[in-house]
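Notes for the structure review
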Amino acid sequence: MLAKIVVVFLVVIAVLGMFGKLRIPGAARLSQKKCPRCGRYRIGNGPCDCGKKKG
């Protein structure tokens, strides 16, 4: 009984590992939405706040 539980656990871990290797759809498009200078996500089409002058 204990061996069966261990085998099922190992199979579940292996399946989760396979799903972790898959690419997330839209990940390339999401990475383009980041500011190249500061790395924050940009919302909308305007420039990032890191380029604006403070004052």
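Just so it is clear, the model here is predicted, and its values are computed rather than measured.

A few points about the overall build of the protein chain
Scanning the protein chain from terminus to terminus reveals 2 helices and 0 strands. By the burial criterion, 4% of the 55 residues in the protein chain qualify as buried. Summed over all atoms, the accessible surface of the protein chain reaches about 5,600 Å², with 66% contributed by carbon and sulfur.

Let's talk about the state of the cysteines
Taken as a whole, this structure holds 0 disulfides when the rule is applied. Take C48: it sits in no disulfide, and the sulfur closest to it among the cysteines is that of C38, at 3.6 Å. Judged by relative accessible area, C48 falls into the buried class, the value being 12%.

Description of helix α1 (residues 2-21)
For α1, with 20 residues, the first-to-last C-alpha span of 29 Å sits near the 28 Å given by 1.5 Å per residue. Of all 20 residues in α1, 0 are buried; the element is thus mostly exposed.

What counts as what
Residues numbered from 1 in each chain as written. Predicted model: local features only at pLDDT ≥ 70, side-chain atom pairs only at ≥ 80, totals over all residues. Heavy atoms only, no water. Helix = DSSP H or I, 4+ residues; strand = E, 2+ residues; numbered from the N terminus. Buried < 20%, exposed > 50% of the residue type's maximum accessible area, 1.4 Å probe, protein only. Areas by Shrake-Rupley, 256 points an atom, 1.4 Å probe, with all protein chains shown as cover. Disulfide = S-S within 2.5 Å. Expected span 1.5 Å × (residues − 1).

All quantities given are derived from atomic positions and should not be read as evidence of function.
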